[in-house]
Amino acid sequence: MPNIEQLFDASISSHYTDIAGVTNAKFPQYTEAARHVYKQLLNVFDTFDLEYFLFAGSMVGYVRNKKMPRWMDDLDLIIFEDQIQRFEGEIIPYLENAGFNCFKPHQFPNAGYHILSMQASKHRESGIDYADDIRIRVPWAQIDVFYTKVDQDGLIRNLDGWGLYHQKDIPIGWVKPAKPIRVEGRHINAFGKYRKDIEKQYGDVINNIMISDHKQVFLDLRDTHWSVIDKALDAYNKAHVQALPPSISTAQLAAYTPMVDTQYSATKSDNFDTIIKAIVDQNAGKVLLREAVHIFWVMDLKRLFPAIHITVQLHNKMAAQRAAHLYAFIDVALAEDIELKALFDQYLQYLNIPQKIRQKTPWYKKIWGNNFGTI
């Protein structure tokens, strides 16, 4: 089994979160929060009947095991020229009304759009406090939409030089007609001959694995089947990754007996660890999150305390956007500012999110069962 220790920072303790993945991982991560937001975005595209095609890293994962790669930090889609006018005139305004941050690539203003959510700040490397000595980076939930045309030779080209295909010779016959595939429980359009495209772009992705972000390569293995890395990551998670923050144990969590009338009000200095410890110590059946940064933790709070009642306070537009996109895990959102509350309600209206948590079996339970890892 390959040594994957290089993928993790040994100086930081290893904990699992829905919002950010594994706390000491160096590589980009496909998180439960991103999965949740991508469903919302793709629902909008499907509602407008947008003809889009999933490509790049997501399709590498599909070719391997019909899943998103664990180290994928965005989704890449292409749309053709006949879709652009409706995309910019109808879909982008709709997404903005739903609280997404939509903007054109600065160096390629005619090439497509970035669509983002779950931003801790305007800087990708910004972090939030998980515990007193652990600061983590929340991956942006990001979809990049690349505008594409067909040239005189029948080859697809990204507009304005942004994307994989502005210099690649991929025939339109490999793209259309689309092939519907099922990923993450939903149907998505892929290239009609997606295997040929992936082989030309990336080579043999079954027996060669590269884990990287936009700046550096973290692992490059040749002549190694993808499942070997998958098993190695599972083994690392089972041996090292904890599903609870450092201040509580499985025994303390098991002894937690929520009292429906007891509420813990998080303070400005609280991190996730201190919030969880306070809830357990006080047997709180309710929690009030006053800070925008605390909204990031609602998925993890519901993971650990499925019945807890979560109230969030909204003080600015970013908090309203964040709460709207995670509202399936929030019970009440409050805002003293009438206009801010109206904006939040608008986001929910456009998202049309059911006020009910979608139950699923997260990967950590498949590995650890009900033991919550190595506490």
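Our subject is the structure that appears above.
What comes next concerns the included structure.

Rules and cut-offs
Residues numbered from 1 in each chain as written. Predicted model: local features only at pLDDT ≥ 70, side-chain atom pairs only at ≥ 80, totals over all residues. Heavy atoms only, no water. Pairing = 2+ DSSP bridges. Helix = DSSP H or I, 4+ residues; strand = E, 2+ residues; numbered from the N terminus. Right-handed = clockwise from strand over helix to strand, strands pointing away. Phe/Tyr/Trp six-rings, centres within 6.5 Å; stacked < 30°, edge-to-face > 60°. Buried < 20%, exposed > 50% of the residue type's maximum accessible area, 1.4 Å probe, protein only. Lys NZ or Arg CZ within 6 Å of the ring centre and 35° of its normal. Polar contact = N/O pair within 3.5 Å; in protein donor to acceptor, adjacent residues only side chain to side chain. Contact = heavy atoms within 4.5 Å. Axes fitted to C-alpha atoms, helices over the stretch in contact; angles between N-to-C directions. Parallel < 35°, antiparallel > 145°, perpendicular 65-115°, else oblique. Nonpolar A, V, L, I, M, F, W, Y, C, P; charged D, E, K, R; others polar. Core = buried A, V, L, I, M, F, W, Y, C linked by side-chain atoms within 4.5 Å. Salt bridge = Lys/Arg side-chain N within 4 Å of Asp/Glu carboxyl O. Left-handed = near helix turned anticlockwise from the far one by under 90°.

**Quick notes on the pairing of strand β16 (residues 259-265)**
So, step 1. Sheet analysis places β16 next to strand β17 (residues 284-289), joined by 4 bridges and oriented parallel. If you follow Met259 over to β17, its bridge partner there is Ala284.
So, step 2. You can see the chain leave β16, run along helix α7 (residues 272-282) and come back into β17, and the turn it takes is right-handed.

**Quick notes on the packing of aromatic side chains**
Each pair of aromatic rings is reported with the distance of its centres and the angle of its planes.
So, step 1. Scanning the model with the defined rule gives 21 aromatic pairs in all.
So, step 2. Where Phe8 meets Phe27, the ring centres are 5.7 Å apart and the plane angle is 80°; that geometry is what we call edge-to-face. Taken together, the residues span a long stretch of sequence, with Phe8 in the segment before β1 (16-17) and Phe27 in the loop between β2 (21-22) and α1 (32-47) at a distance of 19 residues. This pair shows no difference in class: Phe8 is buried, exactly as Phe27 is.
So, step 3. Ring plane angle 80° and centroid distance 5.5 Å describe the contact between Phe55 and Phe146, whose orientation is recorded as edge-to-face. Of this pair, Phe55 sits in strand β3 (residues 53-55) while Phe146 sits in strand β9 (residues 141-150), placing them 91 residues apart in sequence. In this structure, Phe55 and Phe146 share a single accessibility class: buried.
So, step 4. Of the aromatic side chains, those joined through ring pairs into one cluster are Phe53, Phe55, Phe80, Phe146, Trp162, Tyr165 and Phe191.
So, step 5. Sitting over the ring of Tyr62, Lys66 keeps its end group 5.4 Å from the ring centre.
So, step 6. Stacked on the ring of Phe80, the Lys or Arg Lys176 has its end atom at 4.7 Å from the ring centre.

**Examining the side chain of Gln29**
So, step 1. Inspection of the secondary structure puts Gln29 in the loop between β2 and α1.
So, step 2. Here Ala20 takes part through its backbone oxygen, which lies 3.3 Å from a polar atom of the side chain of Gln29.
So, step 3. Engagement of the side chain of Gln29 in a polar contact is seen with the backbone nitrogen of Val22, the distance being 2.7 Å.
So, step 4. What Gln29 contacts, discounting residues up to four positions off in sequence, is Ala20, Gly21, Val22, Arg70, Trp71, Met72, Asp73 and Pro139.

**Focus: the sheet that holds β16**
So, step 1. The parallel open sheet is built from 4 strands, whose spatial order is β16-β17-β18-β19. Across the chains shown, the open sheet's two edge strands, defined by having one partner strand only, are β16 and β19 (332-334). On average, each strand axis in the sheet is inclined to that of its neighbour by 20°, with strand direction left out of account.
So, step 2. One ladder, built from 3 bridges, connects strand β18 (residues 309-313) with β19; its direction is parallel. Opposite Gln313, over in β19, you have Leu334 as the bridge partner.

**Brief notes about the packing of helix α3 (residues 81-97) against helix α10 (residues 338-351)**
So, step 1. In the contact formed by α3 and α10, the axes pass within 8 Å of each other and the chain directions differ by 130°. In this view, α3 runs oblique relative to α10, as classed from their interaxial angle. Note on element contacts: α10 touches α3 through Gln346, Tyr347 and Tyr350, opposite Tyr94, Glu96 and Asn97.
So, step 2. Classifying every residue of the contact of α3 with α10 by side-chain character gives 3 nonpolar, 2 polar and 1 charged.

**Quick notes on the nonpolar core**
So, step 1. One finds Phe45 and Phe87 to be the most contacted residues of the largest nonpolar core, which totals 109 residues.
So, step 2. In terms of residue count, α1 provides more of this core than any other element does, 8 residues in total.
So, step 3. Contact partners of Phe45, with chain neighbours within four places excluded, come to Leu50, Tyr52, Leu77, Phe87, Ile91, Leu95, Ile115, Ile143 and Val145.

**Side note on the pattern of salt bridges**
So, step 1. Scanning the entire structure with this criterion turns up 15 salt bridges.
So, step 2. For the salt bridge of Arg157 with Asp169, the shortest nitrogen-to-oxygen distance reads 2.9 Å. Linking Arg157 in strand β10 (residues 155-158) with Asp169 in the loop between β10 and β11 (170-171), this pair joins segments that are 12 residues apart in sequence.
So, step 3. Accessibility expressed as a relative area gives 15% for Arg157, which makes it buried.
So, step 4. Classification of Asp169 as partly exposed rests on a relative accessible area of 40%.

**A look at the side chain of His294**
So, step 1. Within the element layout of this structure, His294 appears in the loop between β17 and α8 (298-304).
So, step 2. Judged by relative accessible area, His294 falls into the buried class, the value being 1%.
So, step 3. When residues no more than four places from it in sequence are discounted, the contact partners of His294 are Ala266, Thr267, Lys268, Asp270, Ile275 and Leu289.

**Focus: unusual backbone geometry**
So, step 1. The residue after Lys176, namely Pro177, is reached through a cis peptide bond having omega 0°.
So, step 2. The phi torsion at Met118 lies on the positive side, around 60°, for a residue other than glycine.
So, step 3. Met118 gets classed as buried once you look at its relative accessible area, which sits at 4%.
So, step 4. At Asp160, a position not held by glycine, the phi torsion is positive, near 65°.
So, step 5. Topologically, Asp160 is positioned in the loop between β10 and β11.

**A few points about the packing of helix α9 (residues 317-325) against α10**
So, step 1. Orientation of α9 relative to α10, taken along the N-to-C sense of each, is 30°, at an axis distance of 9 Å. Taken together, the axis directions place α9 and α10 in an arrangement best described as roughly parallel. In the crossing of α9 with α10, the sense of the turn from one axis to the other is right-handed. Each of Lys317, Ala320, Gln321, Ala323, Ala324 and His325 in α9 lies in contact with α10, whose residues at this interface are Leu340, Leu343, Phe344, Tyr347, Leu348 and Leu351.
So, step 2. Taken together, the residues of the contact of α9 with α10 break down into 9 nonpolar, 2 polar and 1 charged.

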